Every structure is written in C-alpha cells, then in structure tokens.
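# Geometric and topological summary
The chain contents come next:
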Amino acid sequence: MNKEYIIKDSVTTLAIAIADHQQTPNEINVDTCLDKVYKVLKPQWMKNQDDILCLFQVCQEISPIDTNLVVKCCKLMSKVLPKLSISEENLLKNTISWTLSCIFHFKSSFQHSTQINEILDFYVCTIQTYRNLNINNNRNITDVMALLLQVLQKIENKSVEPHTNIDILTYIKFLEATVVIIKDYDCINTIGICIIKFIEQSINQKKCMQSYDQEVLKCGLQILSQLIEQSKQWTNDNFNKLLPIVLLYLRYGLIFNQSKFLNDLQPSPIVQWENPSRLDIVPMINMTNKRRQKKKRIIESKNKVPNFVTISIDDEMLMNVRDSDFSEDEPCSSNLIGRITIDIRLLAAQIMKKMFTIVEKKLLLGYLYTIVDGSMNILNCLISEVGNSIREPSSKVRATIITAITSIFNGSKIFFAQAQYREKKGAFTTWSETLADYIITIHNTLLKDFVMETRSVRLVLLHCFSSVISNTPYTRLNKNLLKSVLDAILVYIKCEPCDNYLRIGVFRCLSSVFNSELPQFEKELLLEKKTEIVNLCLYLFKETKSFLESDQDNTQMIVRRQCWQILNSYCNHYYGLIENRMLINIAIEDMKYTKQTLLRKSILSCLKQMSAVSEGDDHKSARLEKWKLIFRKLIPQMFAEKDPQTLPILIESLSTIGSDLFNDLEDELVDLCCDELNMFVTCEDQNIQSAAIATLGTLIKYEKLSKNPMYIRHTIDGLLYVSSINKVNSVQEKLAWTLNCISEVLVENWDLYEIEDEKLLCLAKAALSTLDRKPCRACGTRALGLLLSLIDYTDVTGQQFAPLYEESINILINIANGNDSMKVSK
C-alpha cells in the first residue's frame, strides 16, 4: 500500500476521532489514533505540503485542557516541524499561540514536570523554526503577545498558589523562549520593564534563595540578555535601570538587602548627555542624510557584540582562550560570595559586557563614576583592596569583567582623547581631568591584577591592555604608565617553560605601545628597552627557526611574525635598527620560505619602516649596505615569484630608498630593477600594478633615471598604455601621482629628451582623464598644467591643441563650480 496513503488515512481517522471527542468525550479513542499516526509517520514519506498543514491543523483542534493528548500532539508535530517553509508563517504563529495557551491549563508543575518539558521542547523548536525562516512580520504576532501579557501578569503576581496554577519558573521559561522572535519596540519594552521589576523584587527576599528561586532569577537575567541583543534602542533607553541590577548581582551574587539597590541611577552631572555637548566630536547637526547614515553604520559596526574572549588582529588568532581554560578550583565556598552564586555573577558579567558594547559610548562614559569609582566598583572584583571588598573567586567571571572593560575603550578614542591629567587641581574639576583619573585608575588596577592572575585571564588582560593603550592619550596623562606595563609583561616572554599564546599577547601589547603616540619622557625611558627587545627577538628567531617549513598558522610562526611586527612598531619612534646586520640577514633568509605569506609581509613592512625612519648621514652606510643586499638577493627572487600578496609591499618599499642611496647603487642593479618595474606597470594584478606605478613616480625624479632619456620614454609608453585601458580607481590615483612626477621631470629637463608632439598631447589627455575622481584631481590638474606649458616648446599647431585646451577649461570650470577642494595649477 502507498505510504503517503497510509499517513493520509491515519490523519483522517485522527481528525474524525477528535471531532467525535468534542461532541462526546472519548480520550482513549483519540489517544489510540495519535499513537497510530505517530507509528506510521515518517517525515520523508510526506511529500505533499498540504498533508503537513492538515496534520498541524488537526492536532491544534485538540483542546488545551486535554493535557495528555496535547503532549502527544507536540511529539507528533515536532517530527514534521522542519518541513515547514516561510509560506506557512500564519500556521507557525497559530502553533506558537496554541502551545502557549496549553500551558495555562496545567495545575501543578510538580505533578506534570515531564509533560511540561515535552511541551516546552516543542515550543522552543517552533520558535527556532520561526526565527530560522527569517520571517520579518514580527509586529503582527498579536495573539502571541496577548498570551505573553498573561504570562507577565502571573510572573509579577507571585501570590499565586502552586496548587491552583503552574509555577513561575515554567512561565518564565516559556517567556525566555519567546522573546527571541519579538522585534517590536513596544513589546520588548513591556516585557523588559516587567522583568526588571521582577528582578528588583527578588532583591528584597527575607530568606535565603533556594535552588528553585535561583533558576527563576537566572531565566530572568537571560531574558534581559536576549532583550539587550534584540533592541539597541531599548538598551540605551533603559541603561540606567539595567546597570544597577547588573552591578549588584555581579558584585554580590544572590543578595537580599534592598538598601544596596541603587534606585533611579543618574549619569555624571558633569555633562548633560541629552543635548549635543563638547563631547560630540563629529556632531550630527547640519549633517546631510547620507553622512548621517554613514555615521550610523560606523557606530553600529563598532557596537557589534563580540564572541566571548575571541580576539583577532591582522587576520590571525593571537589568543585562543576557551571556556575550558578557566579553572574554577579557587577556594570560594567559605566566602560571602561563594560558589553557589558563580552562575548568577557570570551571567551578570556577560550582560554587562553586552551592554557596554551596545550602548552609545557617550552615554556609557556618563556612568563611568558608577562603574569604576562608585559603591559598585567592578574593579574591586579584580583585586582586593583595603576594606570590605572581596576579590571575585571565579576566573571566568573575572575574564568576562575584563572584556567588559575592554569594550568601554573600543570605539571611544574620540572621547578619551580629551583626557588630561593635572597634578594641581583647582576648585572645579573638568571632565578631561576626571576622565584622566578614571583611565589611570583602570590602568593601575589592571596592572596589579595582571601580577596575580591565572594564565587564561592574563591573555584577556593583555588584550585589554592593548585596547586601553590604543585608545588612550598617554601624551596627556603625564604618568610613567607605559613603562610600567612593559616592566610587568616582558617577564612572561622569557619564563621557562613559556606559553606561546601568552607571548603573542605580550607582543600585541608591545606593538600597541610603540604604535601609540608616546610622551617624550616615556620615549626616553622606553629607549632603555631597545637592547632587551632586540635580543629577545633574536632569541625567538633562533628558537622558532625549525618551524619555518611547517604550516604558517603554527603558534611558533605567529610568535615569529609578532617579533617582526614589534620591530616594525618600534621603528615608529626609534631609529638605528637598520644598523643591526644580524636582523637584516635573518629577514633575507626568512623571505626564502614562500609558504609563509604572513611572515613575509611582516618582514617587508619592517624593512620598509627601518629605511623610512633612518634617514640622514648617521646611518647612510648601513642603509646603503641593506639596500645592496636587498637588490642582490631579495628583489630578483621576489620579482620572479610575482606573489600578489608580498610583491606590492616590496615595490612600495623601494620608494623609501632616497635619491642619495639610489644614485650610489651600481647601474646593473638599478637597470634590472627598473626594467622589471616598467613591466609590472602593465601587470594584470591591480595591487602590483598600482604599487609599480606609484614607485616609478618617486624613482623617476632621481638623477640616475631622470637623466636617462630611454628610460623616460619607456615609462611614458607604459603610463599611456595604462591610461588607455585601466579605469580602476586605485590605479587611477597612482597614475595621477606618477603623471604629476613625470611632468615635473619633463619641465626641468625638456632639452634632454626627444618626446614626440603626439605623445605630449596624449600625456595631457591622460592627465585630463584622471580628473573624473576627486582623489586624483590635485595631482592630475597639476600634471595637466605642466604638460600644457610644454606645448610652447613644440611644433604643435593651434588647430591641434585647441580642442584639448577647450576641454580642459570646461572641465576645470565645472570642478570649480562644484566647490571641490584641490590644488590650482599655475
């Protein structure tokens, strides 16, 4: 017999049995029919969508008061739930409403706990299916919200007797499952305010909270966490209500003292946050709609909630912290905030981290006093101070608190830039002084905590240090802060046995220090670390050398890459590394390993930076030796490879060589290199092509090339070819720059070259074509002016160049009328 027919027949029999049951109750008959359908039903047999819809409609005809039948129907419908599609939106909403209404007819959760769990599992699966189908019409779930309001009333009314109705825990679990599909702000606000009141009421308990009450509280906090993710607007609007709850449970766990609750929390009176203030570095007033939308996208991209302690930079994982790395073996059973409250405190810390990431930074900074320096000071969780404060015993909670502190700094650089420390304070403390005090307090607390932390929390702390350093104006704090960081963290690179992830975290911190703007006195203090840092890198180069042939994602290779990145960052403030011949030789050797793409990119960036900061006669001989080594051993190899990942960096680094050194190189080295560069001008890879064009613009001005007519002609031919076929923005920008450079060379040495009149006109047309884009207009206009000035020295007739002049004038007038900012060619 046909399998589909068997299913249809059994479903039809069930429908008849339910209809008869509604007239004359016969639960046994319906129960038997449900068992028959469950036995014959195989989801893969149901190929007709109408049969699936029929099954759902038949099951939902069962009255919610028939508890046993409802449970069996839930089991039955869960088998075919995955086969529903987005076209069944109304069916899914009806199923959600039917399942939710069934729960109101249970009298006691103790007698029907298994049945309730069956219904709850089906309800959760239905909600997930609704959500996974990306149904957007969430504003119209009126039936569901009507039932949810009944749930909220029962949660708020704790006087309900357990023998007359189901307990609060079941209601709150159903509410927790439902909120993930609620998008409407009014609905979110209704649910959120009710849960906030419910949690506030639990603070005033007269007796210790039992395990049942703990589960209820955890579900309530989880609902708040979900609502925070659902609506940024709601999170911002209710931040002053959410923050005291989170800080309270984070600091004390399960507490029963109403006096510790901070009602109606207000921001710092220093700034009126409701109105645009001096903290609005880029005010929204007078913005065009396009710019306003762009700023909104930037803010939202910064406010995305990150995964728990997952940290990445430069497309590589620097720290790999997992939940399993956090040990909970600290003795905490005898403390006031014992082990029984760890889950509550962890959940509170995770909610705090989400809020700090989502809420507007300006609003968050207004509450810094409460967070950092008030009675609920979260920094006391990290390190024990004199007094009654107790260090948080759970390493996972401490790590989450640190990620929350990190999120305060991420995206706040424009605000923290105002911080300025002053030794002598007047009667009125400015916001910049207060902000500086907060930063110094956070900085010192994290530094003290680092010394006493576990390995996993140290990894999170290192990332936090990096964020603090990157977003803090240390030049205005006038404190010996950065050196204290280096003194504390460098120890953990040299310890034996040393953890590579810890090393990587320390390296990232070091890079953040040297990538920041350093105060002059700290520059001098950190200069003492030069020998230590260089020797450390040399030691790690030796230690990791055997791994060069391995996979480039090996932790040893990440350590090696980080060494080069540290040296690169160090060159931002200090010169002289170029004189270390050992580093140069190691760099040349490492470049031979073609599989280590990320390592090679780091090395090339470092070599480029070494040259850029070491200009002058003091290091001329060292620089010349380095460039000769690069021209002899590195450039031929990489030009032959044509690797699109690393070759553009090498080509760009050639522009840092300087005219003196370039002219001192042997002719055979220069000729070989420049011939290859001219070939790369027509390369299909746009990154290589752009780099080659830009570098030619720099090199063409050097005497060794500018006085070589043949080379000038070859370069002009290449540029004209690119101008005729390539309209890519990045290439056009470099083309405009190089056209400007070669125009200057032609004007200065016109008598040396034999440039055809037609080519000069083509060069002028090429410069004119770059004016279509704003970034090209400054260089393009200047190049156009210089090239047109040369026409007087040619045999070009007025009839030949008149159209070009006319077109140039029209385009320049149109640009001028558009109020575009650009250089004016004279």
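Every residue gets a number counted from 1 within its own chain, in the order that chain's sequence is written. Under the rules for a predicted model, residues below a pLDDT of 70 receive no local features and side-chain atom pairs below 80 are neither given nor counted, while totals for whole chains, interfaces and linings still include all residues. In computing side-chain values, all of the structure's heavy atoms are included and hydrogens and water are not.

The name recorded for the protein in an unreviewed UniProt entry is HEAT repeat-containing protein 6, from Aphis gossypii.

This paragraph deals with the overall build of the protein. Numbering of helices and strands starts at the N terminus; helices are DSSP runs of H or I of at least 4 residues and strands are runs of E of at least 2. A count of helical and extended segments in the protein gives 39 helices and two strands. By the burial criterion, 53% of the 826 residues in the protein qualify as buried. Contacts were defined at the residue level, with two residues in contact if any of their heavy atoms lie within 4.5 Å. Of the contacts made within the protein by residues no fewer than 6 positions apart, 76% connect residues no fewer than 24 positions apart. Here's how the labels work: a residue is buried when its accessible area is under 20% of the maximum for its type, exposed when over 50%, partly exposed in between, all with a 1.4 Å probe on protein chains only.

This next bit is on the environment of Leu661. Topologically, Leu661 is positioned in helix H31 (residues 659–664). Placed 34 residues apart in sequence, Leu661 and Trp627 show a C-alpha to C-alpha distance of 8.2 Å.

Time to look at the confidence of the model for the protein. Confidence scores here are pLDDT values: one per residue, from the predictor, ranging 0 to 100. Here the protein averages 78 in pLDDT, while 80% of its residues score no lower than 70. Predicted confidence is poor over residues 159–165, with pLDDT under 50, and the contacts of this stretch with residues over four places away or in other chains come to twelve contacts.

Before going further, it helps to spend a moment on the packing of aromatic side chains. For any pair of aromatic rings, geometry is given as the distance between the ring centres together with the angle between the planes. Classification of ring pairs uses Phe, Tyr and Trp, with its six-membered ring standing for Trp, and accepts pairs whose centres are within 6.5 Å; under 30 degrees between planes counts as stacked, over 60 as edge-to-face, and the remaining range as tilted. A full pass over the atoms with the stated rule returns twelve aromatic pairs. Linked through ring pairs, Phe450, Phe465 and Tyr492 together constitute an aromatic cluster. Lying across the ring of Phe450, Arg458 places its NZ or CZ 5.5 Å from the centre. Here, a charge over a ring is recorded when the distance from Lys NZ or Arg CZ to the ring centre is within 6 Å and its angle to the ring normal is within 35 degrees. Above the plane of the ring of Trp627 lies Lys626, whose end atom (NZ or CZ) is 4.3 Å from the centre.

In what follows, salt bridge is the name for a side-chain nitrogen of Lys or Arg lying within 4 Å of a carboxyl oxygen of Asp or Glu. Tallying each qualifying case throughout the model produces 23 salt bridges. One salt bridge connects Glu744 with Arg782, and the closest N-O pair in it is separated by 2.4 Å. With Glu744 in helix H36 (residues 729–748) and Arg782 in helix H38 (residues 774–789), the pair connects residues that are 38 residues apart, well separated along the chain. The class of Glu744 is buried, set by a relative accessible area of 19%. Under the relative-accessibility criterion, Arg782 is labelled partly exposed at 33%. Here the salt bridges share partners, and the residues they tie into one network are Lys483, Asp487, Lys529 and Glu532.

Time to look at the packing of helix H2 (residues 27–40) against helix H4 (residues 67–80). Packed helices, taken two at a time, are described by their axes: the angle between them and the distance between them. Note on method: axes are straight lines fitted to C-alpha atoms, helices fitted across the in-contact stretch only, with angles between N-to-C directions ranging 0 to 180 degrees. Between H2 and H4, the shortest axis-to-axis distance is 10 Å and the interhelical angle comes to 15 degrees. The orientation of H2 relative to H4 falls into the category roughly parallel. Here H2 runs over H4; the crossing is left-handed. Side by side, H2 and H4 meet where Glu27, Val30, Asp31, Leu34, Asp35, Val37 and Tyr38 of the first sit next to Asn68, Leu69, Lys72, Cys73, Lys75, Leu76 and Lys79 of the second. For the contact of H2 with H4, the class distribution of residues is seven nonpolar, one polar and six charged. Oblique is the label for any angle not covered by the other classes, which are roughly parallel (under 35 degrees), roughly antiparallel (over 145) and roughly perpendicular (65 to 115). Note on convention: near helix rotated counterclockwise from far helix by under a right angle means a left-handed crossing. Clockwise means right-handed. Think of it as three bins: nonpolar holds Ala, Val, Leu, Ile, Met, Phe, Trp, Tyr, Cys and Pro, charged holds Asp, Glu, Lys and Arg, and polar takes everything else, Gly as well.

We now examine helix H9 (residues 185–202). What a helix is expected to span follows from its residue count: subtract one and scale by 1.5 Å. With 18 residues, H9 ought to run about 26 Å at 1.5 Å a step, and its terminal C-alpha atoms sit 26 Å apart, in line with that. Taken residue by residue, H9 has Cys187, Ile188, Ile191, Gly192, Cys194, Ile195, Ile196, Phe198, Ile199 and Ser202 as its buried positions. Polar contact is defined as a pair of N or O atoms within 3.5 Å, subject to the rule that within protein one atom must be able to donate a hydrogen and the other to accept it, and that residues adjacent in sequence are counted only when both atoms are side-chain atoms. A distance of 3.3 Å separates the backbone nitrogen of Asp186 from a side-chain oxygen at the start of H9, and that oxygen is part of Asp184.

Relative to the helices and strands, Gln556 is located in helix H26 (residues 555–570). Beyond its immediate sequence surroundings of up to four residues, Gln556 is in contact with Asn500, Glu543, Thr544 and Phe547.

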